[in-house]
Amino acid sequence: MSQHKYQHDFSWGDTRGVRKVMDNELRRIGLHIVPQDLNGFGYPPHEGYPELIVQVRKLIKDLANLEYKYVLITNGATHGLNAYIYAAKRMHGHRKEITGLVTKKLYFPFYPQIATINGLNHKNYSPNFDGNLPHLDDLGIIDSPSNPEGVMSRGGLSGTRVVWDAAYHSPTYCGVEKEGKLVCPNIFPAHEAMVGSLNKLTGINGLRVGWLATNSWSLYTDALHYAETTLCGVSGPSQEYATKILERVDLHPFYCQSKKVLDENRNELQRLGYLFGGQPIFPYGMFALFEVDDSLKDLFEKASVNVKRGKDIGDERQSVRINLANTNESMKAMVDAVLKIDKS
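Residues numbered from 1 in each chain as written. Predicted model: local features only at pLDDT ≥ 70, side-chain atom pairs only at ≥ 80, totals over all residues. Heavy atoms only, no water.

### Observations concerning the packing of helix α9 (residues 251-269) against helix α11 (residues 328-343)
Between α9 and α11, the least distance of the axes is 9 Å, while the angle of their chain directions is 10°. Our classification of the angle between α9 and α11 gives roughly parallel. Touching Val261, Glu264, Asn265, Glu268 and Leu269 of α9 are Asn328, Met331, Lys332, Met334 and Val335, all from α11. When its residues are assigned to classes, the contact of α9 with α11 shows 5 nonpolar, 2 polar and 3 charged. (Axes fitted to C-alpha atoms, helices over the stretch in contact; angles between N-to-C directions. Helix = DSSP H or I, 4+ residues; strand = E, 2+ residues; numbered from the N terminus. Parallel < 35°, antiparallel > 145°, perpendicular 65-115°, else oblique. Contact = heavy atoms within 4.5 Å. Nonpolar A, V, L, I, M, F, W, Y, C, P; charged D, E, K, R; others polar.)

Next comes the structure, spelled out in structure tokens:
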């Protein structure tokens, strides 16, 4: 059903609460989204604005303490994943035809479609590898923190070329206190490329700016060819605005405030804990995942709450995924609505 029929939308990963924090900060420093001068907005460099690439390198160093030889600006993390697969198939395909795309058992809803449009079979694995095992003719995506569980991964997939989907690798979604500062744990999978999302990091989902980073020149050049032929370059105004945000916004107070939004939403959602039988809420990531029965599904429907079905993200159980990055006001209104129906 269309999400527009629901009063409380907690289905899609729109980071409304994080965006509200960023909006407050941008208003405070007087940074406006509408460019004042359009003369500089011809076709953008296909690899991305040089000044934005500089800022993204600094950001990656700050978030993960990693440095890469090559950084490509993409139209969000999803575009970066497609660019990686396009490039990896050409880089590694001469050894043996690549046929599969391996992901975790629970996954971002677009992963199966990403596999299909790239001519690959979607495979998944559980933590103890009781499903389809990775093979030498597979590519792999490891999202860490993962969607929906917020799992942070080390290692990699044996014999598989891996891209790290780091869309949620920011202190907003996985921050821990270290020496008085909120930082990401130094945990990430072995990979030959990483993709990231300024949309998720800033909460401005419509910005549509991300990146692909790698140390492989061959991978980078083929990914750049993909970006050239699919986009002719990422939106110039979006890149300009993203650059200004990274140059002018003090991100560390922002991380603290935006993480607080998610943590308060976790606490608020605990008011429904008795309905979920005490199932835990993940401490990392931006989602809660609960197994439900027909009566609880009906309760959400009567309360006009839209949630993501577990079967859309690889869960074989009857379950729902709830967006924790909504505003605190929206979370409270949703919880109140469910409690009102349950007690009526």
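Read on for the rest.
### Observations regarding the sheet that holds strand β14 (residues 319-323)
Reading across from one edge, β11-β14-β13 is the order of the 3 strands in this open sheet, with antiparallel pairing throughout. Lying at the two open borders of the sheet, with one neighbouring strand each, are β11 (287-291) and β13 (308-309). Across 5 bridges, the pairing between β11 and β14 is antiparallel. Following the sheet pairing, Phe287 is matched in β14 by Asn323. (Pairing = 2+ DSSP bridges.)

### A closer look at the nonpolar core
Counting 78 residues, the largest nonpolar core has Leu52, Leu59, Tyr84, Leu198, Trp211 and Leu251 as the members making the most contacts within it. Broken down by element, this core gets its largest block of residues, 8 residues, from helix α3 (residues 76-92). Core analysis: the next-biggest nonpolar cluster, separate from the first, contains 23 residues, Phe10, Leu272, Phe290 and Val292 among them. (Core = buried A, V, L, I, M, F, W, Y, C linked by side-chain atoms within 4.5 Å. Buried < 20%, exposed > 50% of the residue type's maximum accessible area, 1.4 Å probe, protein only.)

### Notes on the sheet that holds strand β10 (residues 210-214)
Taken in spatial order, the 7 strands of this open sheet run β2-β10-β9-β6-β5-β3-β4, and their pairing is mixed. Two strands in the sheet have a free side with no partner beyond their single neighbour: β2 (70-74) and β4 (121-125). Put simply, the sheet's adjacent strands are angled 25° from each other on average, direction ignored. Both strand β6 (residues 161-165) and strand β9 (residues 193-197) contribute to a ladder of 3 bridges, which runs parallel. Looking at β9, one finds that Trp164 is bridged to Met194. Lying over the sheet, helix α7 (residues 217-231) contacts β2, β9 and β10, oriented at roughly 20° with respect to β2.

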